[in-house]
2 protein chains.
Amino acid sequence: MLTQRQAALQGKITDQMAEVARQEGVTPEFIRDGVAKGTICIPANINHKNLVPRGVGEGLSTKVNANIGTSSAFPDPAPELDKLKAAIDAGADAVMDLSTGNNIDASRKAIIEHSTVMVGTVPIYQATVQAIKAHGKVTEMDKNDIFTVVEQQAKDGADFMTMHCGLTRQCLHNLISEGREMDIVSRGGSFLSGWMLHNGKENPFYEFYDEILDICAKYDVTISLGDGCRPGCLADATDRTQIQELLNLGELTQRAWAKGVQVMVEGPGHVPYNQIATNMQLQKRICHGAPFYVLGPLVTDIAPGYDHITSAIGGTLAAFTGANFLCYVTPAEHLGLPDINDVREGVVAARIAGHAADVAKGLPSAVAQDLAMAKARKVLDWDKQLSLAIDPEKAKAIRAAKNKSSEEYCSMCGDYCAVKIMNEYMDEVKAKKNK
Amino acid sequence: MLTQRQAALQGKITDQMAEVARQEGVTPEFIRDGVAKGTICIPANINHKNLVPRGVGEGLSTKVNANIGTSSAFPDPAPELDKLKAAIDAGADAVMDLSTGNNIDASRKAIIEHSTVMVGTVPIYQATVQAIKAHGKVTEMDKNDIFTVVEQQAKDGADFMTMHCGLTRQCLHNLISEGREMDIVSRGGSFLSGWMLHNGKENPFYEFYDEILDICAKYDVTISLGDGCRPGCLADATDRTQIQELLNLGELTQRAWAKGVQVMVEGPGHVPYNQIATNMQLQKRICHGAPFYVLGPLVTDIAPGYDHITSAIGGTLAAFTGANFLCYVTPAEHLGLPDINDVREGVVAARIAGHAADVAKGLPSAVAQDLAMAKARKVLDWDKQLSLAIDPEKAKAIRAAKNKSSEEYCSMCGDYCAVKIMNEYMDEVKAKKNK
């Protein structure tokens, strides 16, 4: 078995590359070339049987991920399958199963089985939960605890896995010496930092990285190099701790590529708007063009309840200046576990960000969508406007609630509709011309 | 009576300038200097008695406007007063009364009477509605119909008035010769264009501009030079029609300043993300630094139901690159008249955009808010987090719905809260150091 990367390097176009080329309206050779260079990845575990693969990277449309999964406060896996469906229906290109509730294995297997989009996982979550069960505390976790989970999740069909391999003792040295407002806010990053600080040892994901890569290569798991040191507030953004980890991720990217493993790199986080473009350029240069997967970025800390919006603001600029994959943030962020409505709102907000950036970059298929909507608006074709909307159901519901049925205009301007008026007088101009 | 501008030019610091300086944490002289240069305006009609004036312009925090007012489909003024209250409670710095329903005079007087924030109007709306009533169609409207309304609205206390004075026959020539997907989508712009096209005459707001300015000077109405040619879809942005009008607005800005009248310039609209910074720079240069008041900009056409988000994305970039005043767009945009909840969501989304830009520009009071939130998050002080939120009520409601009361962490990560874990292990580090 060859990974997508190994096949690409041998000049082979796989079924997955052909499918991605078809979706994106580019040649299969463009995709193969990007996978070979590492600027494109196609997360597609050989054991994820019902996957419709998608590509992430340079020259492709911006992709969107939705995080789902149980937590200790909400351990029931059934609602998570409903969220999976809601995320896919809303247009997500990927989901991550972040379960930390009971029976993590069963949750994951069910999500992968039901998902036609790529599924990501974070093995350290399960390893931590199990280590606490087995040994009483996370600090007693050993290499075997971690590797057992990584192997199991890979075997179950996880298409990509977030592993915080670049969070080294040097990063923690920087964290302590420079100081930070919020230290580490990545969940996996905090487990590993706690373990490293307590035991005085190096991060096992870094120390045994080659063995991790062997597992990834075996199932063609795309490694998503996690940013355990991502800033948790604007004040911590782009500091020595964050950039130290990024430097490590650059090296780890090249080591993964050398072993035929596909790579994405993860990025922040909470970032002031004026630092976003710098962060994107830094990652692309340091990580040699590897696809960049960002969470947000959130452009302010003060808007809990609206963090899908703060993220859409940052995500648009990020995608315009280099990011390829946006992890959604929902209105529940910083407050609680998202429910199914939060999932829907989060996916659509992230899709808007990705689409706005794609239009700004001149992606023909994205530009065409906006033009089609403009033409439908000009002729007041409401059925067409609603069907072209990024969320047709919501647009239909609002129109129905605010207007009498089959109204020609909308209730905002009523009879004084600018479009109607201009159509009338422009027709008059044309009639005069034709006389 | 001197206008704020006339006083500033004479070196006088008015009560309004002193109040604005206090709000912004700058010196009164900074405000006076900006008002004299025209880079700052303080819309404050001498007849708006209960106004708490605010400044709009360079070096000040970004301001937010909420449009309210009746339409022919929803002519009842009472809900509009509720929306006024909701807008102010949500943090709007201004409202515009865009009423076109019955009894426009009564709606406006009530809104001004109840508003502590500045109130803007668009006289052409009322002039059109009345002309249709009086003459049967808008094309029969004469100069007197327009001037009667302008004078009345000024007398009633409108702090600023949108007038599309730059929409000239040359703009319409460009529109017809270049072609556009959506022609004119500004409501006032469509009334005037219809009138001009039908009658073959110049725009009366342009032809009799000096008389308009005399009325503005008399009551210290800030003229908000409307962009009747603003693009209604991405494909029309930054075309010859739009830029022709902007060139006219530049000249009209200088003519207003020469008569002691304060000026804002209005801008688009639907603009692709990659053209926003260009639009901001163009306006600032062409209009000699006059405050820029933008609607959106909306960065995609395909998201009806989410246009508060598409506008927050564009508004952040706009405010970061030059805009001083953001007109909100609500989730109802393109679908119907906003209700009270739409008003609230629209104001908060626009405030997030303005705040994110203010932080990015390094405005100290904005930066301090985010830092305070980070510190509250670090110590898991929920009461403080909720009170520091941009919309405390919504944040409280979400937390209450998703968590058991007095929970230390939130239900997203539950016991595996990264902040809790890091605090534990960082304490361990500190304890070791102190040994």
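Residues numbered from 1 in each chain as written. Chains lettered and ligands numbered in written order. Predicted model: local features only at pLDDT ≥ 70, side-chain atom pairs only at ≥ 80, totals over all residues. Heavy atoms only, no water.

Naming follows an unreviewed UniProt entry, where chain A appears as Phosphomethylpyrimidine synthase of Acidaminococcus fermentans. Per UniProt, the comment on chain A under Sequence similarities (unreviewed entry) is "Belongs to the ThiC family." As stated in UniProt under Function (unreviewed entry), the record for chain A gives "Catalyzes the synthesis of the hydroxymethylpyrimidine phosphate (HMP-P) moiety of thiamine from aminoimidazole ribotide (AIR) in a radical S-adenosyl-L-methionine (SAM)-dependent reaction." (UniProt positions renumbered as here; feature names shortened; annotations may be inferred.)

Glancing now at the overall build of chain A. Counting secondary structure elements, chain A contains 19 helices and 10 strands. Since a compact globule built from 435 residues should have a radius of gyration of about 22 Å, the 23 Å found for chain A is in line with a globular shape. The burial tally for chain A puts 65% of its 435 residues in the buried class. For chain A, the accessible surface area stands at approximately 14,800 Å², while carbon and sulfur atoms represent 52% of it. Once the 44 positive and 53 negative side-chain charges of chain A are each reduced to a mean point, those two points are 5 Å apart. (Helix = DSSP H or I, 4+ residues; strand = E, 2+ residues; numbered from the N terminus. Rg over C-alpha atoms; globule rule 2.2 N^0.38 Å. Buried < 20%, exposed > 50% of the residue type's maximum accessible area, 1.4 Å probe, protein only. Areas by Shrake-Rupley, 256 points an atom, 1.4 Å probe, with all protein chains shown as cover. Lys, Arg positive; Asp, Glu negative; His and termini not counted. Charge placed at Lys NZ, Arg CZ, Asp CG, Glu CD.)

Right, let's get into the side chain of R108 of chain A. Residues and elements named next belong to chain A. Tracing the chain through its elements places R108 in helix α5 (residues 104-114). Within polar-contact distance, the side chain of R108 engages the side chain of D105 at 2.5 Å. At 2.9 Å, the side chain of R108 forms a polar contact with the side chain of D156. Not counting residues within four places of it along the chain, the set of residues in contact with R108 comprises D97, T121, Q126, Q152, Q153 and D156. (Polar contact = N/O pair within 3.5 Å; in protein donor to acceptor, adjacent residues only side chain to side chain. Contact = heavy atoms within 4.5 Å.)

Residues and elements named next belong to chain B. The side-chain alternation of strand β9 (residues 292-295) yields two buried faces, one formed by F292 and V294 and the other by Y293 and L295. Bridging between strand β8 (residues 263-267) and β9 involves three bridges; their strand directions are parallel. The residue of β9 that forms the bridge with E266 is Y293. In terms of strand pairing, β9 meets strand β10 (residues 325-327) through three bridges, oriented parallel. Of the residues in β10, the one forming a bridge with V294 is L326. (Pairing = 2+ DSSP bridges.)

With that settled, consider the interface of chain B and chain A. Counting residues at the interface gives 102 residues for chain B and 102 residues for chain A. Here chain B meets chain A over a buried area of about 8,800 Å², counting both sides, of which 68% is carbon and sulfur. Contact with chain A buries area across many residues of chain B, yet I302, Y306 and Y416 of chain B alone supply 10% of it, more than any other trio. Remark: the boundary between chain B and chain A carries eight salt bridges. At the surface where chain B touches chain A, the tally comes to 36 residue pairs in polar contact (both at pLDDT 80 or more). (Buried area = accessible area lost by both parts, 1.4 Å probe. Salt bridge = Lys/Arg side-chain N within 4 Å of Asp/Glu carboxyl O.)

For the coordinates displayed, the defined rule picks out 44 salt bridges over all chains. Among the salt bridges present, the one from D156 of chain B reaches K109 of chain B, with a minimum N-O distance of 3.2 Å. Of this pair, D156 of chain B sits in helix α7 (residues 143-156) while K109 of chain B sits in helix α5 (residues 104-114), and the two are 47 residues apart along the sequence. The exposure class of D156 of chain B is buried, given its relative accessible area of 14%. Classification of K109 of chain B as partly exposed rests on a relative accessible area of 40%. The network of salt bridges with shared partners includes D105, R108, K109 and D156 of chain A.

Residues and elements named next belong to chain A. Strand order in the closed barrel formed by eight strands is β3-β4-β5-β6-β7-β8-β9-β10, and the pairing between neighbours is parallel. In this sheet, neighbouring strand axes are inclined to one another by 25° on average, regardless of whether the strands run parallel or antiparallel. Two elements, strand β3 (residues 63-68) and strand β4 (residues 94-97), share four bridges in a ladder whose sense is parallel. Looking at the pairing, A66 lines up with V95 of β4. (Axes fitted to C-alpha atoms, helices over the stretch in contact; angles between N-to-C directions.)

Pairing in this closed barrel of eight strands is parallel, and the strands run β3-β4-β5-β6-β7-β8-β9-β10 (chain B) around the ring. With strand direction ignored, the average angle separating the axes of adjacent strands in the sheet is 25°.

As annotated in UniProt, the feature "binding site: [4Fe-4S] cluster" (unreviewed entry) corresponds to C410, C413 and C417 of chain A in the numbering used here. Tracing the backbone shows C410 of chain A in the loop between α18 (392-402) and α19 (418-434). Discounting chain neighbours no more than four positions away, the residues touching C410 of chain A are W382, R399 and N403 of chain A together with H334, L335 and G336 of chain B. With a relative accessible area of 19%, C413 of chain A lands in the buried category. The residues contacting C413 of chain A, other than those within four sequence positions of it, are S72 and R187 of chain B.

Grouped together as the largest cluster of nonpolar side chains are 282 residues, with contacts concentrated most on I223 of chain A together with I223 of chain B. Excluding residues that lie within four positions of it along the chain, I223 of chain B makes contacts with M161, M163, C165, Y209, I212, L213, C216, A256, V261, Q262, V263 and M264 of chain B. (Core = buried A, V, L, I, M, F, W, Y, C linked by side-chain atoms within 4.5 Å.)

All names here are of chain B. Of the two faces of strand β4 (residues 94-97), the one carrying A94 and M96 and the one carrying V95 and D97 are both buried. Remark: the strand β3 (residues 63-68)/helix α4 (residues 78-89)/β4 crossover connection has right-handed handedness. As paired strands, β4 and strand β5 (residues 118-121) are joined by four bridges and run parallel to one another. Within β5, the residue paired with M96 across the bridge is G120. Crossover connection from β4 via α5 to parallel β5: handedness right-handed. (Right-handed = clockwise from strand over helix to strand, strands pointing away.)

This paragraph deals with the domain arrangement of chain A. All names here are of chain A. When cut into domains, chain A gives domain 1 (4-361) and domain 2 (365-434). Using only C-alpha atoms to locate each centre, domain 1 and domain 2 end up separated by 40 Å. Listed per partner, the contact involves seven residues of domain 1 and seven residues of domain 2. When the two sides are added together, the surface that domain 1 and domain 2 hide from each other amounts to roughly 610 Å², 61% of it contributed by carbon and sulfur. Counting every contact that joins domain 1 to domain 2 gives one salt bridge. A salt bridge links K394 to E345, with the shortest nitrogen-to-oxygen separation between them at 2.8 Å. For the interface between domain 1 and domain 2, the tally reads three residue pairs in polar contact (both at pLDDT 80 or more). For the side of domain 1 that touches domain 2, the residue count by class is three nonpolar, one polar and three charged. (Domains from an automatic or database assignment. Nonpolar A, V, L, I, M, F, W, Y, C, P; charged D, E, K, R; others polar.)

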